[in-house]
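What follows is the residue order along each chain.
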Amino acid sequence: MNLLNGWLINRNAVFRMIVRLQSTATSTSASPNPEIVIPHKKERGPTDILRALSHTISHDSTAAHYKFHDDPYFTPLSINSKRRYALAKESGRKAAMWILQEHADLFQHRLSEPKIEAFAPRAVYDNKNDATEDALLSAINHGRVTDAIKIYELLEGEISTTGKQALLELLCFYNSTDPQSNELHEERWFQYAQKNVVLWKDNEIIQQLFTFLKRQEETRALAYNTLISGTAKYLQVMTTWDLYAECKEKNIPLSITTYNYLIATIPNFKYIMEERKELLWEMLKEINTNGIKPNVRTLNAALKVVTAASTTYSQKLSKDLVRKLLTEFKNIGIKPSLASYYYVLQAFYQPKGTISNILVEIIKEARTQDLTPQDPQDILFFSTAMKVAKEYFQDRSITASIHDLLMKDDNYNFIGNAGMEGSYYRNYMNSLLVTETFERFMEIYNTLVPTIYIPESSVFTNILNAVQSNSPDIGQSLIPLLWSHMVMFNFLDRDTLVLQILRLMSVECRPEKTSPLNQQFAEIAWTVWTYFQEKNSKLLQTINWPIAVFACVTQLLIRGDQFEKMIELIAYVTTEESITTGTLPDDAFEEMLLTCINEGYIKECFLLLEYAVKVGYDNTNMLAKKICHTLPLNSTEKNKLINWFGKDIFEISHTLI
């Protein structure tokens, strides 16, 4: 009650302020002040309160997505685990929906009050008594293709002409197949673009309906428009254009939607650029002659024709056609959508083509607009724009402007699906590595990884390359974080990545002898070794890793004073030659052998010497002499040295003094 009183007081105060403003208005106005009417209440949308509440809290970049448990032990931290967790949760929802539908008799109580149809099990139509035209229209309105077909068959076609037209539209729009449920958001999100194009499915009911409807005066045009749009949408191209020819012959009018579908099939109907261009202009002129107002989907269909031809004809002609189309449609008041911009980018940024600044112009124009969905292909824009920015510009301001546009208002809805989001951030991160300072890159990296984006191995390789090109101090501070992410993202199977980060620790970013990082790097190196052993113990076929990996591991163990673990690595490297690939680098071999000499590991010294004799290292004789005059050798060991290097191996060299 107090809240209500406060609201009334505030409203009265606002009213008094408006009255005062009216009383002080100048009397010299040419026209009288308009009457101000204050409504009793402001209409609110169903989510306005939730939206207002969401603006009261700041975004936490480290928080898990709402669909995951906000617990570090349960939050998925890899691409595959994110997909598994989300789809597993969705699978439970699907199971509940199936149980509700298949065992509706167990749910006699009302699930909601007032009743919500979506929560109730769908009606089952087993006999003709259950089937009515109202039930058919309800199934059509809810997009239930299978139910609509079953009801129509039970009614034996005894429905009104309006019902038949509605059923024809449903079957043509969904290609006689039930659409994916709108409730299954995760399936849609993780569903990558299918390589196989969905083609038209012939259906006897469609033929029956069309044959009847085209004979009726009131539905003839609707029937032709519906079937042309359906066959064009699912690429039954020859049928589409045969029906179009019938319409021209019989003077049947077509809607702008039908023309849009027809134009979009031109690349599948004509294969020569000149023929495509001629047919496109013919269709556009026909639209104009018939007094039909085109829309943005008409523009996008025309741009699709032009960009589809750009790979088989000169790029210059394609660009000229794009400019002409944009100008013509702008003159009649049609603004491009994001799909339009996508097709423009397709035409202007071709391999080996000249670089254009049209991306900058597009972003500048899009930032002034309130972007709304107008075409299913709108979702292709952002991933394509960031790819163009990365490959053709490598400019900090362009990359930032694209990302700012994506984050503006509700524009993130245009990101598409998981595949497009991954492509966008892959190009975004690679572009930042080139255009931003490494410190700034890591700031952005920490806001995105791992809650929003999991870097692919190629991106991670580029990050490690950037660490290598910066000062060792930066690398030393970042290697523990990057290593934890490698483990987190299941990159330990990528031997090239493992070798790269090990080389950073052992060579490019090598810490001082007294640094505590040596101990930390040694623990990382031992983790690599234990992972390799566990992996091989679980596989029937042993995996081969480059010997340089084990050389780096051994060097890091030496610098971390982990000599007992070093011995295990030396025994493996020198005896399991069939499992490793390559040979030990000279610097690693020398460091390993000198450490064994200094620590008095005679057995390991001889393992390394035997390996060196097989490989043929240059500096082996000098190291062997140091062994002779430093370590206490028995007769067997002395004989081995004589067999490998000759009797003069025991002569004292001045370099050893």
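Note: the structure precedes this text.
Report follows, based on the coordinates. (Residues numbered from 1 in each chain as written. Predicted model: local features only at pLDDT ≥ 70, side-chain atom pairs only at ≥ 80, totals over all residues. Heavy atoms only, no water.)

Points about the packing of helix H25 (residues 517-538) against helix H26 (residues 547-559)
Packing of H25 against H26 brings their axes to within 8 Å, and their N-to-C directions diverge by 140°. Compared by their axis directions, H25 and H26 come out oblique. Crossing of H25 against H26: the hand is left-handed. For the pair H25 and H26, contact is made by Asn518, Phe521, Ala522, Ala525, Trp526, Val528, Trp529 and Phe532 and by Val549, Phe550, Val553, Leu556, Leu557 and Arg559, respectively. A per-class count over the contact of H25 with H26 returns 12 nonpolar, one polar and one charged. (Axes fitted to C-alpha atoms, helices over the stretch in contact; angles between N-to-C directions. Helix = DSSP H or I, 4+ residues; strand = E, 2+ residues; numbered from the N terminus. Parallel < 35°, antiparallel > 145°, perpendicular 65-115°, else oblique. Left-handed = near helix turned anticlockwise from the far one by under 90°. Contact = heavy atoms within 4.5 Å. Nonpolar A, V, L, I, M, F, W, Y, C, P; charged D, E, K, R; others polar.)

Some words on a nonpolar patch on the surface
A contiguous nonpolar surface patch, about 340 Å² in accessible area, is contributed by Ile49, Leu50 and Leu53. Position of leucine 50 relative to the elements: it lies in helix H2 (residues 48-54). The class of leucine 50 is exposed, set by a relative accessible area of 58%. (Patch = residues over 30% accessible without salt bridge, like charges linked within 9 Å, V, L, I, M, F, W, Y side chains within 5 Å. Areas by Shrake-Rupley, 256 points an atom, 1.4 Å probe, with all protein chains shown as cover. Salt bridge = Lys/Arg side-chain N within 4 Å of Asp/Glu carboxyl O. Buried < 20%, exposed > 50% of the residue type's maximum accessible area, 1.4 Å probe, protein only.)

Focus on the environment of aspartate 147
Here aspartate 147 is to be found in helix H5 (residues 145-155). Taking the C-alpha atoms as reference, aspartate 147 lies 37 Å from leucine 371; in sequence the two are 224 residues apart. Sequence-distant contacts of aspartate 147, that is, excluding residues within four places in its chain, are made with Arg122 and Ala139. Here arginine 122 takes part through its side chain, which lies 2.8 Å from a polar atom of the side chain of aspartate 147. (Polar contact = N/O pair within 3.5 Å; in protein donor to acceptor, adjacent residues only side chain to side chain.)

Topic: the nonpolar core
Among the nonpolar cores identified, the biggest contains 184 residues, and Leu359, Phe381, Ile402, Met429 and Tyr445 are the most heavily contacted of them. Not counting chain neighbours up to four residues away, the residues in contact with tyrosine 445 comprise Met429, Pro455, Phe460, Ile463, Leu482, His485 and Phe489. Judged by nonpolar contacts, the second largest core, of five residues, contains Ala64, Phe68, Phe190 and Ala418. (Core = buried A, V, L, I, M, F, W, Y, C linked by side-chain atoms within 4.5 Å.)

Side note on the pattern of salt bridges
Summed over the entire model, instances satisfying the criterion amount to 16 salt bridges. Ionic pairing is found between glutamate 217 and arginine 220, a salt bridge with its closest N-O pair at 3.1 Å. For arginine 220, a relative accessible area of 24% corresponds to the partly exposed category.

With respect to helix H28 (residues 586-599)
Across its 14 residues, H28 extends 20 Å between first and last C-alpha, which sits within 8% of the 20 Å expected from 1.5 Å per residue. Where the residues of H28 are buried, they touch H26, helix H27 (563-575), helix H29 (602-615) and helix H30 (620-630). Directly beyond the C-terminal end of H28, a positive phi value near 75° is found at glycine 600. (Expected span 1.5 Å × (residues − 1).)

Concerning helix H11 (residues 256-264)
With seven of nine residues buried, H11 lies mostly within the body of the structure. Within the sequence span of H11, burial applies to Ile256, Thr258, Tyr259, Asn260, Leu262, Ile263 and Ala264.

Without other data, these values stay purely geometric and don't point to any function.
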